[in-house]
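Remarks on the overall topology
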Amino acid sequence: MNSFFLPSLISKKQALQSIQSYQNNWITKWQSVVSSKKKLTSMERVYLPYWCYDYEYTSLQMKEPICGKVAVETGKQLTAILPSTAALEEIDVSADEMTFLDVSGDPELKVAEDAIYWEAFTREKKRKDIQVTITETNLLFVPYWIGYVQGKSQIELIIVDATSGKVDLGIKDAMIQALMAGKEKKIPLAR
């Protein structure tokens, strides 16, 4: 099993702008009127681990199989379909400035197969014809910027996807779980 990461395309400054934009939307402004003022106190970039599965699916309606990648977050098992051309970079020992969070659990092929199956099902009319095959499993680290926002009595996390610049509220529980498990500075080497 090899270890890869997605390169971070969003700078800290761009992530800060995303967080400020999120904090300035009308819902967040209304919430700040009701509760105490929240202030961004710090930011860091971390890499959240995902199991990355190369797959192909076929059906009777298709002449050739469709190949791609699906990523399954290792803790909460959130899934994401990646383009087959995703620019994954292999992790090497010179990547010491990167913070990789701990991997939780073992690869779950069934979760990946289900994600692919339902993605394919939305495109295919006869679901009984869909065949999903996992061809390879690797470890993939996805970059996120975490903004730590201090309120009167609590700290809140605002997470920005470092590949797209979008605030990602759906990944918050997985990120908290990974942070609570502890950060590792070591780099998982290919086996």
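Structure first, text after, so check above.
All figures in this text were calculated on a predicted structure; none of them were measured in a lab.

The next point concerns the pattern of salt bridges. Applying the stated criterion to the full structure yields two salt bridges. Here Lys 69 and Asp 54 are joined by a salt bridge, their closest N and O atoms 2.8 Å apart. With Lys 69 in strand S3 (residues 66-73) and Asp 54 in strand S2 (residues 39-58), this residue pair connects regions lying 15 residues apart in the sequence. The same class applies to Lys 69 and to Asp 54, which are both buried.

All right, on to the environment of Thr 58 then. Looking at the element boundaries, Thr 58 is found in strand S2. Between the C-alpha atoms of Thr 58 and Val 132, which are 74 residues apart in sequence, the distance is 6.7 Å.

The first and last C-alpha atoms of helix H1 (residues 12-23) sit 16 Å apart over twelve residues, in line with the 16 Å expected at 1.5 Å per residue. Those residues of H1 that sit buried are Ala 15, Ser 18, Ile 19 and Gln 23. Relative to the axis of H1, the buried residues are bounded by an arc of 135° and lie together on one face. Turned more than 90 degrees off the buried face of H1, the exposed positions are Lys 13 and Ser 21.

Attention shifts here to the pairing of S3. Judged by how many residues are buried, S3 sits mostly within the fold: six of eight residues are covered. When S2 meets S3, the two strands line up antiparallel, connected through eight bridges. Its bridge partner being in S3, Tyr 50 is matched across the sheet by Glu 73. Pairing of S3 with strand S4 (residues 79-82) involves four bridges; the strand directions are antiparallel.

Let's shift gears to the packing of aromatic side chains. In this description, an aromatic ring pair is defined by two values, namely the gap between the centres and the angle between the planes. By the definition in use, this model includes three aromatic pairs. Geometrically, the ring pair formed by Phe 5 and Tyr 47 is edge-to-face, given 6.0 Å between the ring centres and 90° between the ring planes. Here Phe 5 is found in strand S1 (residues 3-5), whereas its partner Tyr 47 is found in strand S2, with 42 residues between them in sequence. We classify Tyr 47 as buried; its relative accessible area is 2%. Through a chain of ring-to-ring contacts, the aromatic side chains of Phe 5, Tyr 47, Phe 100 and Phe 141 assemble into a single cluster.

Calculation rules
- Residues numbered from 1 in each chain as written.
- Predicted model: local features only at pLDDT ≥ 70, side-chain atom pairs only at ≥ 80, totals over all residues.
- Heavy atoms only, no water.
- Salt bridge = Lys/Arg side-chain N within 4 Å of Asp/Glu carboxyl O.
- Helix = DSSP H or I, 4+ residues; strand = E, 2+ residues; numbered from the N terminus.
- Buried < 20%, exposed > 50% of the residue type's maximum accessible area, 1.4 Å probe, protein only.
- Expected span 1.5 Å × (residues − 1).
- Arc of directions from axis to C-beta.
- Pairing = 2+ DSSP bridges.
- Phe/Tyr/Trp six-rings, centres within 6.5 Å; stacked < 30°, edge-to-face > 60°.

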